[in-house]
Amino acid sequence: MDIGKRSFQEEEMATNVAKNKLDELNQMFGPVASKSLGDYFPFLRWLTFYGAEKKLREKHIKREAFLQSLIDEHRKTNSSTSVTSGEIGHTLIDAMLKLQESEPNFYTDNVIKGMILAILRAGPHATVTTTELVVLRLTLHPEVFKTARDEIDSHVGHSRLIDDADLAKLPYLYYIINETLRLRSVSVLPPRESSTECTIGGYHIPAGTQLLVNSGAVHMDPQLWKDPDMFKPERFQQNEEEKVACKFLSFGSGRRQCPGAGLAMRLIALLLGTLIQCFEWEKADGGSVKIIFRPREALTKVLAEL
Ligand code: HEM
C-alpha cells in the first residue's frame, strides 16, 4: 500500500533471509535505542553530538538512500508503464509522484521521503504490538473472548469468513482493542511545547516550555476511569469514553493526533475477528504465553476452501 513491495517472499517466511531483511529494516526505521545525558542536562549536549546524534545521523543517511531508491524505482516504472498502458501504480509513492507533476515545488522528493518515513515508522510497529497485546489479553479473559465470538457468530455466522464490511456490526472488537490500549499504551506521546504562557493543574507554565503528557497515568486515573486496573471492554460502549477530550490518549489528541488510527483499528479488528472466528485458542502448557490456534470445527469447510 505504501511502497508496493514485499520485504520478503512468502516462501522466505520463517527463514534467515526474512529475519535478516526484517533486522535491516528495523535498524533503519526503528527507534534509536540509546539515550543521551545531554537530553536531560543541557550543559552536557556536546556528549549527544558524539553519541546518540552520531547514530541518528548514520541511520538517517542509510534511510535517505533507501527511500530515494524507492522513489527512483517508482518514477522509472511509472514513466515506462504510462507510455505503454497509460496506467500508473497505486501506492502512496505513486500518488505523491503524480501530485509532484502538478505541484513540483511542494511535493519535492524530500517531502515524499518524509511522508513515507512517518508512515513506515509510526504505523507497523504500533499496529503489530497492539495486536499481540490484544491476543494476550483475550487468552487471559475467556469471558471477553466468548462475548466477542458470540457477536461474530451471530452477525457473520459459520458459512463465510468475516470481512471488512462486517466490522460496523462488531463494535465489541473495537472495545477490546481500545481497552487493551488503555491499559498499555504502545506509543509514547511526543512532547508538546506551550505556545503561550498558561496554567495547567495549578502549575504555571511559561511560553516555550517542553511538556510531556503521561498517557499511562491518565488512563489509570480513578477519577476518570472506574476500576482503572480492570480489563472491561464494555466501558467503551457507545464510544462515551472516547468522546471525553484527553481521557483516552492512545492515539494522541489535537492537531497531531494519529492520522492512521482508523486504518489501524480496522486492520487489527479484521485480523482479530478472523482469528476469533476461525480458531480455538488455547494457552500452551507451562509458564510461557505461547498460544495454540486450532481450526474451529464449525469453520473447517470454509477454511478448507481457502
Ligand atoms: C494501534 C496502532 C497505532 C497507535 C497506537 C498509534 C499511536 C500514535 C500516537 C500516540 C501518535 C502521536 C499523536 C499525538 O502526538 O497526539 C501517532 C502519530 C502518528 N501516527 Fe500513529 N498509531 C498507530 C498506527 C498508525 C498507523 C497504521 C499509521 C499509518 C499508516 C500511523 C501514522 C501516524 C503518523 C504519520 C503520526 C504522526 C502525526 C503527526 O505528527 O502529525 N499510526 N500515532
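What you are looking at is a predicted structure, and each value in this text was computed from that prediction instead of being measured.

A. Here's a closer look at the coordination of the iron atom of the ligand. For the iron atom of the ligand, the protein contributes exactly one donor atom, Cys258 (SG), at 2.3 Å. Relative to the elements of secondary structure, Cys258 occurs in the loop between α11 (240-243) and α12 (261-278).

B. Just the layout of surface pockets, in detail. Volume-wise, the second largest pocket comes out at about 310 Å³. What lines the second largest pocket is Leu189, Arg192, Ile200, Leu211, Leu212, Val213, Val218, Cys246, Leu249, Gly252 and Ser253. Split by residue class, the lining of the second largest pocket holds 8 nonpolar, 2 polar and 1 charged.

C. How the structure looks around the environment of Val134. Counting through the fold element by element, Val134 comes out in helix α7 (residues 124-140). Relative accessible area serves as the criterion here: at 0%, Val134 is assigned to the buried category. Linking Val134 and Leu173, residues 39 residues apart in sequence, is a C-alpha distance of 9.9 Å. In this structure, Val134 is in contact with Ile176, Ile177, Thr180 and Leu272, ignoring residues within four places of it in sequence.

D. Just the site of the ligand, in detail. Not every one of the 23 residues close to the ligand is listed here, only the nearest: Arg192, Gly252, Ser253, Arg256 and Cys258. Within the backbone of Ser253, an N or O atom sits 3.1 Å from an oxygen atom of the ligand. Taking Arg256, its side chain carries an N or O atom lying 2.7 Å from an oxygen atom of the ligand. Broken down by secondary-structure element, the contributors of at least two residues to the shell around the ligand are α6 (109-122), α7 and α12.

E. View of the confidence of the model for the protein. Summarising the model, the protein shows a mean pLDDT of 86, and 91% of its residues fall at 70 or more. The ipTM, which scores confidence in the relative placement of chains, is 0.99 for this predicted complex, and the corresponding pTM is 0.83.

F. Seen up close, unusual backbone geometry. Positive phi is not limited to glycine here, since Asp227 has a value of about 45°. Structurally, Asp227 is set in the loop between α10 (215-219) and α11.

G. Representation of the side chain of Arg296 within the structure. Residue position: Arg296 is located in the loop between β6 (291-295) and α13 (300-304). For Arg296, the residues in contact, after removing those within four places along its chain, are Arg149, Asp153, His158, Ile276, Gln277, Cys278, Phe279 and Glu280.

H. Spatial organisation of the nonpolar core. Counting residues in each nonpolar core, the largest one holds 31 residues, and the members touching the most others are Leu138, Leu173, Ile176, Ile177, Leu272, Ile276 and Trp281. Those elements that place two or more of their residues in this core are α7, α8 (142-155), α9 (171-183) and α12. Leu173 has contacts with Glu151, Ile152, Leu167, Ala269, Leu272, Gly273 and Ile276, leaving out every residue within four places of it along the chain. With 12 residues, the next largest nonpolar core counts Leu67, Leu70, Leu97 and Ile112 among its residues.

I. Region of interest: a nonpolar patch on the surface. A cluster of nonpolar side chains, namely Leu37, Tyr40, Phe41, Phe43, Trp46 and Leu47, defines an oily patch on the protein surface of about 700 Å² accessible area. At the level of secondary structure, the elements contributing two or more residues to the nonpolar patch comprise α2 (37-40) and α3 (45-50). Within the fold, Leu37 resides in helix α2.

J. Focus on the packing of aromatic side chains. Within this structure, the stated rule accounts for 7 aromatic pairs. Both rings, one in Tyr172 and one in Tyr175, keep their centres 6.1 Å apart while their planes meet at 80°; by these two values the pair is edge-to-face. Of this pair, Tyr172 and Tyr175 both sit in helix α9, 3 residues apart, which is roughly one turn of the helix. Note on accessibility: Tyr172 and Tyr175 belong to one class, buried. With a centroid separation of 5.3 Å and an interplanar angle of 75°, the aromatic rings of Trp281 and Phe293 are classed as edge-to-face. Residue Trp281 is located in strand β5 (residues 279-283), and its partner Phe293 is located in strand β6; the two are separated by 12 residues in the primary sequence. Each residue in the set Phe145, Phe279, Trp281 and Phe293 is aromatic and connected to the rest through ring pairs, giving one cluster.

How each quantity is defined
Residues numbered from 1 in each chain as written. Predicted model: local features only at pLDDT ≥ 70, side-chain atom pairs only at ≥ 80, totals over all residues. Heavy atoms only, no water. Donors = N, O, S within 2.8 Å, 3.2 Å for Na, K, Ca; no water. Helix = DSSP H or I, 4+ residues; strand = E, 2+ residues; numbered from the N terminus. 1 Å grid on protein atoms, 1.4 Å probe; cavity = no way out; pocket = protein on both sides within 12 Å on 5 of 7 lines; lining within 4 Å. Points joined across faces, edges and corners; volume = space filled by probe spheres on them. Nonpolar A, V, L, I, M, F, W, Y, C, P; charged D, E, K, R; others polar. Buried < 20%, exposed > 50% of the residue type's maximum accessible area, 1.4 Å probe, protein only. Contact = heavy atoms within 4.5 Å. Near = heavy atom within 4 Å. Polar contact = N/O pair within 3.5 Å; in protein donor to acceptor, adjacent residues only side chain to side chain. pLDDT = per-residue confidence, 0-100. Core = buried A, V, L, I, M, F, W, Y, C linked by side-chain atoms within 4.5 Å. Patch = residues over 30% accessible without salt bridge, like charges linked within 9 Å, V, L, I, M, F, W, Y side chains within 5 Å. Areas by Shrake-Rupley, 256 points an atom, 1.4 Å probe, with all protein chains shown as cover. Salt bridge = Lys/Arg side-chain N within 4 Å of Asp/Glu carboxyl O. Phe/Tyr/Trp six-rings, centres within 6.5 Å; stacked < 30°, edge-to-face > 60°.

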